[in-house]
Amino acid sequence: MEVKTSLLDNMIGVGDMVLLEPLNEDSFIMNLRNRFDHNEIYTYIGSVVISMNPYRSLPIYTPQKVEEYRNRNFYELSPHIYALADEAYRSLRDQDKDQCILITGESGAGKTEASKLVMSYVAAVCGKGQEVNKVKEQLLQSNPVLEAFGNAKTMRNDNSSRFGKYMDIEFDFKGDPLGGVISNYLLEKSRVCKQPRGERNFHIFYQLLSGASDDTLMKLKLDRDFSKYNYLSLDSANVNGLDDAASFRTVRNAMQIVGFMEAEVQSVLELVAAVLKLGNIEFKPESRVNGFDESRVKDKNDLKEMCELLGIEQSVLERAFSYRTVEAKMEKMSTTLNVAQAYYARDALAKNLYSRLFSWLVTRINESIKAQAKTRHKVMGVLDIYGFEIFEEGDNSFEQFIINYCNEKLQQIFIELTLREEQEEYIREDIEWTNIEYFNNAVICDLIENNQNGILAMLDEECLRPGTVTDDTFLDKLNTICAEHQHFESRLNKNSKFLTDHSLPHSCFRIQHYAGKVLYRVEGFVDKNNDLLYRDLSQAMYKATHSLMRQLFPEGNPAKVNLKRPPTAGFQFKASVGVLMKNLQTKNPNYIRCIKPNDKKVAHIFTDSLVCHQVRYLGLVENVRVRRAGYAFRQPYESCLERYKMLCKKTWPHWRGPARDGVEVLLTDCSVPTEEFAYGRSKIFIRNPRTLFTLEERRRACLEDLATLIQKIYRGWKSRTHFLLLKKSQVVVAAWYRRYAQQNKYQKIKSATLVMQSFIRGWKARNILRQLKYEKRCKEAVTTIAAYWHGTQARMELRRLKTEARNKRAVSVIWAYWQGTKVRREYRKFFRANAGKKIYDFTIQRIMQKYFLGLKTTTMSPMDNSWPAKPYGFLEGAHTQLRRIFHLWRCKKYRGQFTEEKKAVYEEKLEASEIFKDKKALYPSSVSQPFKGDYLEIQKNPKYQKLNSAMEEKVLLADLVNKINRANGKGSPRLFLLTKSNFVLADQKTGQVKASVPLPDLASVSVSTQSDGFFALKLKEGSASASKGDFLLSSEHLIEIITKLHRIGTTAADRDQINIDISDEFLVQFKQDKVCVKFIQGGPKNGNSAACKRKNNRLLEVSVPSP
Ligand SMILES: Nc1ncnc2c1ncn2[C@@H]1O[C@H](COP(=O)(O)OP(=O)(O)OP(=O)(O)O)[C@@H](O)[C@H]1O
Ligand SMILES: [Mg+2]
């Protein structure tokens, strides 16, 4: 919900002076001071904003502030310039009323800043978009340009505007800015040539010299040193807090944004340079024959440079500084100028040049910012014009007179418009209009501007009058004509009361302005009003090739010679003020009255006397009086009711009827005297601020009660909510806890039930089981008993049957025996002689038959040694013989199946058995291995092809052996080949024959008794091969090799049998020595194979792993 705030909330002092009680100058200033000390620089007088210059930046112009004041009613928030800007902008946009914002105040009071704040606020709140933003930017950027050329540092203000400015900002129907028009008033051009002590010339001169590049300065023929220029005061060339160089860049940038062409900027700077050069032209007197002095340019260098800069012929300008052409009645006369006149002419030219340049700049900016669209515009005018100026000790001159005249006019229109507005509001609200007593300054305006006998008219008259015209003659004229005027005071007045007034010097006159009395010194009035520029100079300027220069001096065009005097400054000003006033009268005025708190340009200092002076001449107290002449305070019924409804039970908290009735009820209930208020159509008018404050006071008290009530209710509500929350939480927690507890309990009961159930079921089951078991046992017992019973019965029956059968059998046996006996007795006599032999034979035959059939079980394998045991002792001999015969027979059968080769193999095997069986431990492992002979596959293996072809006979055995080296006992692999007549040792890799020994040379072979594969081939002493010595070899196929060697020896008829020596120690004849080879049983740690080791020169030890 939006909370309706009011200006009256949290007020420091009073925010609206209309409510000031008691109202007098002191309380007025006290209130301003009080607010200023609390950083409240804005205060209202009704809709007028008083602005105190804080001389420091306050955080009250932020975008947040803009948002805060945007679309809010004027009296809703504490006083602010934004509130005024917002009010003006909204009534322009929404009510289609043209607005003007009149900003007044003395120099340094903050007028220019205020105007910029208004413009920036409007720029921030109005529409957005590329085109709109460009317009806004151009409008805002016109300020730095005009400030550079029109502002200067003065004693009162470091950035003092030395011209009056009125800017119309034009908006379309939506409130978007379209463009603007700037009007300038009375530039203080005297500053160009001379500045008071402690002040400076216009900023642009210093900015140009500080900020322009060397190149630019060279082009402009300028020097950076300020001291080189007569027109520039030196004592305050550098101002604290002003960076001229940076400002120059800002100005150039702003000119670019506003739309100045580069050439235009250059032309402007050339003219600025020309003014500086002009100031440096000096003159010297040259005596003429007629005794008069004639002026001559002293040093022509600056003149020359200036002429070059502007494209003026030097001689033309030089002449214009020495002569003057006077035209009268179609006659031209040339008179010489003395040095003083030359200086006057020079300064007049400089002043004119500069002020025309300034006006041209304004026109040029207007050209850029003028609204493009031709539709009807809404206009917001912002007037930043110099305020009332009163210098002490009568230092007020023509300028102050003009300025104060302008302010009089403004005051007049202020009074007019304020009263008009008041009156209009009263009529609008249907309130009776009571005439308001106030001071109308129309009479002062009339004193100045009256066309017949106004001061300005008389000044013009004096200026135009032939004959000697001086400031004194002008004063005399005033003294005669204005003598009777009650606001005009002069020493030489006919009015005798001033004759003895020593505060009024003879050369001065005094005007009682609405804001106070001002003493004007008449010196310079005539000259300044004349503002004379010799035609020769303007013609010289027109001859320049510089196009802007020509443009500025159109009267110099010889084709358009105008003998009429140009209008005087006073006349021009009056006219432009007249136009301005007309313009302002058509608009809805909004006032900003700026006040400066001190002369020191510092923050936090509030000089009462200075503020009092300003309050006085701005007529602010007067302003309040006018404002509250009828009713001090007014407020729409809705707002009034909203604000004070709590004061009456009937209106609190809601009033259901129309707001006006509510206010009526409210005020009656509050016992406000009826003369204190009046009911308008939409507003309630309160006559006295005190009434309002009483209402406010009661409201505050009521608010406290309400606050307590609200607090009470709120606290109650909060506690209740908290309690309800707690309660709800407690219920939830309790529910959860109960659920949890019940779940636990249920689980326990469930498990207990289950246990019980299981126990009961178990118990029941066991009972049933027991029952069943019992039943089963009973059943089984019955069965068993029955079985036993049946068994017993059966057995008894069996026994009985058996007995019966036995008895039967016994009977039959006995019978048989008896029969037999009987038969034998009977027949014994017939058979006794041969029956015995027959039975015997038959029995023997039967026994033999059974015996032979029993032998049938033996197998045909010769290896099978099994033979049934003899059944009868009498068969022993036959049994042994039969076994031998059968074995021989089945061996024969077995042999019969053999092929020749197989036979040979078996023969070899047999032979091996004969040689090694039970003699060498290696033998048993060789039995199962067939003798393969050619282990190397020498026939097929291409590797041994060469070796194979070297063999002349059939190779019986080819194997890989190790030849044991005597030196270390290590073996080196050799191929061992055996044929019928010799054995060969060949290299394993190359297959090259190392040794070929005919078998006849082999005497014996020695092997050990153990499971090793070592064997020594001993050669016959004296044989051809013996020279190489014996061979100690080892082979995996030792048994086969030796068997084959032995067999060759046995089968060869022409050869001795080879001896096979089996012993664990034998001698081997190596080349020279005999070496003993000894075999010992090594532990299993030696590995699986036998290892030969040289023990000493005569002993090689072979350790054989134990089996
Ligand atoms: N609202 C403000 N906040 C901060 N400083 C301010 C404010 N208003 C004015 N000033 C300060 O005061 C100085 C003078 O203000 P400004 O130039 O607006 O005065 P002025 O009334 O235009 O004077 P002049 O008539 O000489 O042009 C400014 O340069 C600025 O430093
Ligand atoms: Mg200013």
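All residue numbers refer to position in the chain's written sequence, counted from 1. Here every chain gets a letter starting at A, and every ligand a number starting at 1, in the order they are written. The predicted nature of this model means local features are confined to residues of pLDDT at least 70 and side-chain atom pairs, given and counted, to a pLDDT of 80 or more, with totals for whole chains, interfaces and linings taken over all residues. Side-chain measures here rest on the full set of heavy atoms in the structure, leaving out hydrogens and waters.

Student: Now, about the environment of phenylalanine 571: what can you tell me, with residues and values included?
Tutor: Only DSSP runs of H or I covering at least 4 residues are called helices, and only runs of E covering at least 2 are called strands; the numbering of each starts at the N terminus. Checked against the element boundaries, phenylalanine 571 lands in helix 20 (residues 569-585). The class for phenylalanine 571 is partly exposed, based on a relative accessible area of 46%. On a C-alpha basis, the gap between phenylalanine 571 and proline 54 in space is 38 Å, while along the polypeptide they are 517 residues apart. When residues no more than four places from it in sequence are discounted, the contact partners of phenylalanine 571 are Asp460 and Asn529. A 1.4 Å probe rolled over the protein chains alone gives each residue an accessible area, and that area as a share of the maximum for its type sets the label: buried under 20%, exposed over 50%, partly exposed in between. It only takes one pair of heavy atoms within 4.5 Å for two residues to be counted as in contact.

Student: How would you summarise the environment of tyrosine 923 if you had to cite specific residues and measurements?
Tutor: In this fold, tyrosine 923 is placed in helix 29 (residues 923-927). The exposure class assigned to tyrosine 923 is buried, which follows from its relative accessible area of 11%. C-alpha of tyrosine 923 to C-alpha of serine 913: the two residues are 10 residues apart in sequence and 7.7 Å apart in space. If we skip the residues at most four places from it in the chain, tyrosine 923 touches Lys909, Ala912, Ser913, Phe916, Lys917 and Ile1039.

Student: Please give an account of the sheet that holds strand 12 (residues 378-384) that cites residues and values.
Tutor: Strand order in this open sheet of seven strands is 1-2-16-3-12-6-7, and the pairing throughout is mixed. For this open sheet the edge positions go to strand 1 (42-45) and strand 7 (177-185), each flanked by a neighbour on one side alone. For this sheet the average axis-to-axis angle between neighbouring strands, irrespective of direction, equals 20°. Looking at chain direction, strand 6 (residues 164-171) and strand 7 are connected through eight bridges and run antiparallel. Counterpart to glycine 164 in the pairing with strand 7 is tyrosine 185. One requirement defines pairing of two strands: DSSP has to find at least two bridges between them. To get an axis, a line is fitted to the C-alpha atoms, and for a helix only the part in contact is used. The angle between two axes follows their N-to-C directions and goes from 0 to 180 degrees.

Student: Could you give an account of helix 23 (residues 637-644), naming the residues involved and the relevant values?
Tutor: Each α-helix winds once per 3.6 residues, and so residues spaced three or four apart point in a common direction. Along helix 23, the residues classified as buried are Tyr637, Cys640, Leu641, Arg643 and Tyr644. Buried residues of helix 23 fall within an arc of 165° about the axis and therefore sit on the same side. Regarding the arc, it is the one traced by the directions from the helix axis to the C-beta atoms.

Student: Can you break down the coordination of the magnesium ion (ligand 2) residue by residue, with the values?
Tutor: The coordination sphere of the magnesium ion (ligand 2) contains the protein donors Thr112 (OG1) and Ser161 (OG), at a distance range of 1.8 to 2.0 Å. Of this pair, threonine 112 sits in helix 4 (residues 111-125) while serine 161 sits in strand 5 (residues 160-161), and the two are 49 residues apart along the sequence. Taking relative accessible area as the criterion, threonine 112 reaches 14% and is therefore assigned buried. The donor set comprises N, O and S atoms within 2.8 Å of the metal, extended to 3.2 Å for Na, K and Ca; water molecules are omitted, so apparent gaps in a site may simply reflect that omission.

Student: Describe the site of ligand 1, with residues and values.
Tutor: The nearness test applies per residue and asks whether one of its heavy atoms lies within 4 Å of the molecule or strand. Surveying the vicinity of ligand 1 reveals 17 residues, the closest of which are Ser107, Lys111, Thr112, Ser160 and Ser161. A distance of 2.9 Å separates an oxygen atom of ligand 1 from a polar backbone atom of glycine 110. Separating an oxygen atom of ligand 1 from a side-chain N or O atom of asparagine 157 is a distance of 2.9 Å. Surface exposure here means Shrake-Rupley accessible area, sampled with a 1.4 Å probe, where a residue is shielded only by the protein chains that are shown. Across the complex, the protein chains shield 86% of the 620 Å² of accessible surface that ligand 1 would expose by itself. Of all elements in the fold, only helix 4 and strand 5 reach the threshold of two or more residues within the shell around ligand 1. For the shell around ligand 1, the element with the highest residue contribution is helix 4, accounting for three residues. Polar contacts, as used here, are pairs of N or O atoms within 3.5 Å; protein pairs need one atom able to donate a hydrogen and one able to accept it. Residues neighboring in sequence count only if both atoms are side-chain atoms.

Student: Quick rundown of the nonpolar core? Include the residues and the values.
Tutor: Within the largest apolar cluster, 216 residues are counted, with the highest numbers of intra-cluster contacts made by Phe28, Leu32, Phe149, Phe205, Leu317, Ile455 and Phe509. Ranked by residue count, the leading element in this core is helix 12 (residues 339-369), at 15 residues. Not counting residues up to four positions away in its chain, the partners in contact with leucine 317 are Leu303, Met306, Cys307, Ile312, Leu537, Ala540 and Met541. In this text, buried Ala, Val, Leu, Ile, Met, Phe, Trp, Tyr and Cys residues form a nonpolar core when linked through side-chain atoms within 4.5 Å. With 30 residues, the next largest nonpolar core counts Ala912, Phe976, Val997 and Leu1017 among its residues.

Student: Could you give me a rundown of a nonpolar patch on the surface, with the residues and numbers involved?
Tutor: Taken together, the side chains of Val811, Val813, Ile814, Trp815, Tyr817 and Trp818 make up a nonpolar region of the molecular surface, amounting to roughly 640 Å² of accessible area. Along the chain, tryptophan 818 falls in helix 25 (residues 689-831). On the basis of relative accessible area, tryptophan 818 is assigned to the partly exposed category, the value being 37%. Patch membership requires over 30% relative accessible area and the absence of a salt bridge. Like charges are linked within 9 Å, and nonpolar side chains (Val, Leu, Ile, Met, Phe, Trp, Tyr) within 5 Å. Counted as salt bridges are all cases of a side-chain nitrogen of Lys or Arg within 4 Å of a carboxyl oxygen of Asp or Glu.

Student: Residue-level account of empty space enclosed by the protein, with values.
Tutor: Both cavities and pockets are sets of points on a 1 Å grid over the protein atoms alone; in a cavity a 1.4 Å probe fits but cannot get out, in a pocket the set is open with protein on both sides within 12 Å along at least five of seven lines, and lining residues sit with an atom within 4 Å of a point. Grid points are joined across faces, edges and corners, and a volume is the space filled by probe spheres set on the points. A complete count under the given rule lists five cavities of 30 Å³ or more for this structure. Taken together, Met119, Val122, Ala123, Cys126, Lys136, Leu139, Leu140, Ile169, Phe171 and Pro177 make up the full set of residues lining the largest cavity. Listing elements by their share of the lining of the largest cavity, those giving two or more residues are helix 4, helix 5 (130-150) and strand 6. Taken as a whole, the second largest cavity encloses approximately 70 Å³ of empty space. Lining the second largest cavity are Thr112, Asn143, Leu146, Glu147, Asn151, Ser161, Phe163, Lys165 and Asp384. Of the residues in the lining of the second largest cavity, the class split is two nonpolar, four polar and three charged. Amino acids outside the nonpolar list (Ala, Val, Leu, Ile, Met, Phe, Trp, Tyr, Cys, Pro) and the charged list (Asp, Glu, Lys, Arg) are all regarded as polar, and Gly is one of them.

Student: Break down the sheet that holds strand 23 (residues 993-998) for me, citing the residues and quoting the values.
Tutor: Each strand in a sheet pairs with another by means of backbone hydrogen bonds, the pair being arranged parallel or else antiparallel. Spatial ordering of the open sheet is given by 23-22-21-20-26-25-24-27, a layout of eight strands whose pairing is mixed. Both outer strands of the open sheet, strand 23 and strand 27 (1059-1062), are each paired with one neighbouring strand and no more. Pairs of neighbouring strands in the sheet enclose a mean axial angle of 30°, with direction left out of account. The pairing of strand 20 (residues 957-964) with strand 21 (residues 971-978) spans eight bridges and is classified as antiparallel. Residue valine 961 lies in a different strand from strand 21, and its bridge partner there is arginine 974.

Student: Could you give an account of the pattern of salt bridges, with specific residues and numbers?
Tutor: A full pass over the atoms with the stated rule returns 61 salt bridges. Taking the shortest distance from any N to any O, the salt bridge between lysine 116 and glutamate 113 comes out at 3.8 Å. Placement of both lysine 116 and glutamate 113 in helix 4 is noted, with a separation of three residues, approximately one turn of the helix. You can call lysine 116 partly exposed: its relative accessible area is 24%. One salt bridge connects lysine 683 with glutamate 425, and the closest N-O pair in it is separated by 2.3 Å. Of the two residues, lysine 683 sits in strand 19 (residues 683-686) while glutamate 425 sits in helix 13 (residues 398-429), which places them 258 residues apart along the sequence. Residue class for glutamate 425 comes out buried when judged on its relative accessible area of 8%. One continuous salt-bridge network, built from bridges that share partners, spans Arg162, Glu188, Arg191 and Glu199.

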